[in-house]
Amino acid sequence: MSSIPENRQDSIAPQSESEPPADIGGGSKAHEANANANAANEINETHETSASTSPPLLERKQPPPEKPEDIRRRSFIIASFWCIVLFLGLPIWWKTTTIYRADLPLNDMMDWADGKACNPVFPIRIAVDAPALQDQETQNLVRITQQALDTMSDFQGHRLQLEVSPSASMDHTNSLSRDSKTALSVRLSPGDAATSSLQSHAPVLEITYPLDSIPSPDAASSGFATYLATQLRAVFSEERDVMSYLLATSTTHAEHRPPGPPQDVAESLSKRMTRSLKYSRTYHLTFSLFTSGPTPTNWDIESAINEYMKPILELLGPIHNFTVDTQVQLYAAPGVQSQVLTKEDLSSFINAAEWPLSPSIGGAPTVNFIVYISNQTIEAASETRTSQSWLIPQWGSVYLLPPPSADYVPTELLKQPILTFTSHLLSLLGTPQSGSLPMRLSTLTRIRSADLLLRASSSLGSLARLSLALPSISIPLNVADGVAKSMHHLRLACSNFGGTGGLEHARIAEAEAERAFFEKSMVGQLYFPDEHKVAVYLPLLGPVGVPLVIGLLNQLKAWRNGRKEKAKEA
């Protein structure tokens, strides 16, 4: 063990000759401690010597100070980038991504929808012809009867207006009845008792009166005047119920909505409205002859139409236009083969998959009239079907004709089918059921005018509410033009109720309102929610926006530090 410290001592420093030798036995620990202390002192002296002789450590080299021109140039560069973004990029982005919304007269549109812009009053002019009475007596009777009508009226939108006919001749009365502004002519003639009868081929109401029933000039009321007012209200009761039903079921504000007809009448009118076709200026009539065998191969349909249906189509000319085509289809099997057809069989009788039924041609709705050669019959009859025919709502009619003896269907056999089709056509068009045919068509004109006006007003109100509910929806310029045209024709229709001119204006107003509401380009933006926009813009704004923002912050920081240094130097 004494050899290890000796070697270590020799490696550190030689022992001084004047120093006595160390005690090998008991003084080995003291000798080792002295050796360690001497070694530590020598290491410290060596370190101090090397530190004093070695060069000092290099400090971190600072960049040279920037020149004012460089700082100014960097500021200009950053400012130019931001100017390009703010004054060029943002306006272009705003212009190219802004949804165009044309200005709409929302308040006026809501006024039309609420019934505030037009008071729905349907005046009906009635001419009174009394050739046996003096002019003063006739005028007095008309005045008292008008007061009785106003007293009985419970629907202000349907007002009967009496006026004295300028002539007592029947010919002039008939010519007056054809006037589009006169709905009915009343012919008074003396008799034994008060009676009334409505002609079946002209809008003329014939009334007889006792000679002692004419009121005196100073009378305030009259029993005959009340009787006359009651008969007039009965003549126009169906039209009054239809008008009140249309207004009661419309979107008009409750303040302008009259009470509807009784519940049973309302249900009947609802079925009739569901059955009838939507109004169109032109309808396409398709007459089809279907047979399950090889015969008959021809039919005299053109002469049958000209003889039995064309007069009605001509009367409907001021309201509707019609185009006609015909076809014959052999070996056409129906959808139901039963000999006696039940009510459930009628809905599946039309074999639409195999029968070449004409679709709507030129945008005009198609009304199908089918003559099927068969011995089949219908189980029970009702209002819309007989033992050989039935009406299909909003589609057309079917007639089951027994097989003829030859391979040709003559005009005589087609008389009953064409007359049935004519009746069904009037039902599909929504023609009233009571009164003479000219009177029914006059009533149809007023009903269609009111219906179209209410539909156009409702469409305008729906468009206004849609525009307010969806601020991001696009409103093209053609929508605003359609709204302006619709409101213009609505005003004209409102001021010309009752005639074909008002009907035409109402039709144009309804078509323009529907076209504006169902504009395709309006709903395009609804399919791009805000999440989609964020997903599109983030990949662009990230790489472009982050360097711009960081550069601006660094420049602001350097500018603030420079101001602090200048403040310290000052």
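Residues numbered from 1 in each chain as written. Predicted model: local features only at pLDDT ≥ 70, side-chain atom pairs only at ≥ 80, totals over all residues. Heavy atoms only, no water.

Q: Sorry if this is basic, but what is going on with the packing of aromatic side chains here?
A: By convention here, two paired aromatic rings are described through the distance between centres and the angle between planes. Scanning all chains against the criterion turns up 14 aromatic pairs. Ring pairing ties together the aromatic residues F290, F349, W355, Y372 and W390, which thus form one cluster. (Phe/Tyr/Trp six-rings, centres within 6.5 Å; stacked < 30°, edge-to-face > 60°.)

Q: I would appreciate a short explanation of the sheet that holds strand 5 (residues 204–209) in the present structure.
A: Within a sheet, each strand pairs with its neighbour through backbone hydrogen bonds, oriented either parallel or antiparallel. Pairing is mixed in the open sheet, where five strands are placed in the order 2-1-3-5-4. In this open sheet, the two edge strands, each paired with only one partner strand, are strand 2 (158–164) and strand 4 (195–198). Each strand axis lies, on average, 25° off the axis of its neighbour in the sheet, ignoring direction. Against the sheet, helix 5 (residues 135–152) touches strand 1 (122–129), strand 2 and strand 3 (184–190), its axis set at about 175° to strand 2. (Pairing = 2+ DSSP bridges. Helix = DSSP H or I, 4+ residues; strand = E, 2+ residues; numbered from the N terminus. Axes fitted to C-alpha atoms, helices over the stretch in contact; angles between N-to-C directions. Contact = heavy atoms within 4.5 Å.)

Q: Sorry if this is basic, but what is going on with the environment of N351 here?
A: Positionally, N351 belongs in the loop between helix 12 (343–346) and strand 10 (366–373). On the accessibility criterion, N351 (14% relative accessible area) is buried. Counting along the chain gives 16 residues from N351 to G335, while the straight-line C-alpha distance between them is 4.9 Å. Discounting chain neighbours no more than four positions away, the residues touching N351 are A333, P334 and G335. Separated by 3.0 Å, the side chain of N351 and the backbone oxygen of A333 make a polar contact. (Buried < 20%, exposed > 50% of the residue type's maximum accessible area, 1.4 Å probe, protein only. Polar contact = N/O pair within 3.5 Å; in protein donor to acceptor, adjacent residues only side chain to side chain.)

Q: Looking at this structure, how should I read the nonpolar core?
A: A general feature of soluble globular proteins is that nonpolar side chains tend to end up buried together. Counting residues in hydrophobic clusters, the biggest one holds 73 residues, and the most contacted among them are L285, F287 and I418. For I418, the residues in contact, after removing those within four places along its chain, are F287, I301, A304, I305, Y308 and M309. Core analysis: the second largest hydrophobic core is formed by 29 residues, L149, Y209, A219 and L228 among them. (Core = buried A, V, L, I, M, F, W, Y, C linked by side-chain atoms within 4.5 Å.)

Q: So what exactly am I meant to see when it comes to helix 7 (residues 223–235) here?
A: Turn by turn, an α-helix covers 3.6 residues, leaving residues three or four places apart pointing in a common direction. Taking 1.5 Å per residue as the helical rise, helix 7 with its 13 residues ought to reach 18 Å, and the 19 Å between its terminal C-alpha atoms agrees with that figure. Among the residues of helix 7, the N-terminal cap falls to S222, whose side-chain oxygen and the backbone nitrogen of F224 are separated by 3.3 Å. (Expected span 1.5 Å × (residues − 1).)

Q: Whenever I open this one, the sheet that holds strand 6 (residues 282–291) confuses me. Can you help?
A: Ordered in space as 8-6-10-13-12, the five strands form an open sheet in which the pairing is mixed. Among the strands making up the open sheet, the edge pair consists of strand 8 (321–329) and strand 12 (389–392). Strand-to-strand, the axes of this sheet are offset by a mean angle of 15°, without reference to chain direction. Judged from the eight bridges that link them, strand 6 and strand 10 form a sheet pairing that is parallel. If you follow H284 over to strand 10, its bridge partner there is T366.

Q: Explain the state of the cysteines to me, please; I cannot follow it from the model alone.
A: Formally, a disulfide is one covalent bond, and it connects the sulfur atom of one cysteine to the sulfur atom of another. Under the definition given, this model contains one disulfide. The side chain of C118 participates in a disulfide bridge whose partner is C494; the two sulfur atoms lie 1.7 Å from each other. Residues C118 and C494 are joined through a disulfide that is right-handed, its torsion about the S-S bond being 90°. With a gap of 376 residues between them, C118 in the loop between helix 4 (106–113) and strand 1 and C494 in helix 15 (residues 477–495) connect regions that are remote in the sequence. (Disulfide = S-S within 2.5 Å.)

Q: Would you take a moment to explain the pairing of strand 5 for this structure?
A: Residues in a regular strand point their side chains to alternate faces of the sheet. Pairing of strand 3 with strand 5 involves six bridges; the strand directions are parallel. Counted as the bridge partner of P190 is Y209 from strand 5. Pairing of strand 4 with strand 5, which is carried by four bridges, proceeds in the antiparallel orientation. Bridge pairing links S197 to E206 in strand 5. Adjacent in sequence and paired antiparallel, strand 4 and strand 5 are bridged by five residues.

Q: Can you help me understand the pattern of salt bridges in this one?
A: By the definition in use, this model includes 10 salt bridges. Here E504 makes a salt bridge to R281, at a shortest N to O gap of 3.7 Å. With E504 in helix 16 (residues 500–517) and R281 in the loop between helix 9 (263–275) and strand 6, this pair connects stretches of sequence that are 223 residues apart. Measuring nitrogen to oxygen at the nearest pair gives 2.6 Å for the salt bridge that ties E512 to R515. Of this pair, E512 and R515 both sit in helix 16, three residues apart, which is roughly one turn of that helix. With a relative accessible area of 15%, E512 lands in the buried category. When salt bridges that share partners are traced, they join R281, E504 and R507 into one network. (Salt bridge = Lys/Arg side-chain N within 4 Å of Asp/Glu carboxyl O.)

Q: Explanation requested: the packing of helix 15 against helix 16 in the structure shown.
A: The angle between the axes and the distance between the axes are what describe a pair of packed helices. Following both chains from N to C, one finds helix 15 and helix 16 inclined at 160°, their axes separated by 8 Å at the closest point. When the axes of helix 15 and helix 16 are compared, the pair comes out roughly antiparallel. Note that helix 15 runs across helix 16; the crossing there is left-handed. Contacts between helix 15 and helix 16 involve N478, V479, G482, V483, K485, S486, H489, L490, L492 and A493 on the former and, on the latter, G502, H505, A506, I508, A509, E512, A513, R515 and A516. Residue composition of the contact of helix 15 with helix 16, grouped by class: 10 nonpolar, six polar and three charged. (Parallel < 35°, antiparallel > 145°, perpendicular 65-115°, else oblique. Left-handed = near helix turned anticlockwise from the far one by under 90°. Nonpolar A, V, L, I, M, F, W, Y, C, P; charged D, E, K, R; others polar.)

Q: Looking at this model, I keep getting lost on the packing of helix 14 (residues 437–469) against helix 15. Mind explaining?
A: Where helix 14 contacts helix 15, the axes come no closer than 11 Å and their chain directions differ by 145°. As helix 14 packs across helix 15, the resulting crossing turns out to be left-handed. Listed contacts from helix 15 to L453, A456, S457, L460 and L463 of helix 14 are V479, V483, S486, M487, L490, A493 and C494. In the contact of helix 14 with helix 15, the residues fall into 10 nonpolar, two polar and no charged.

Q: Any chance you could explain a positive patch on the surface here in plain terms?
A: A cluster of basic residues, K557, R560, K564 and K568, forms a positive patch at the surface. Residue position: R560 is located in helix 17 (residues 530–569). Classification of R560 as partly exposed rests on a relative accessible area of 47%. (Patch = residues over 30% accessible without salt bridge, like charges linked within 9 Å, V, L, I, M, F, W, Y side chains within 5 Å. Areas by Shrake-Rupley, 256 points an atom, 1.4 Å probe, with all protein chains shown as cover. Lys, Arg positive; Asp, Glu negative; His and termini not counted. Charge placed at Lys NZ, Arg CZ, Asp CG, Glu CD.)

Structural measurements only, silent on function.
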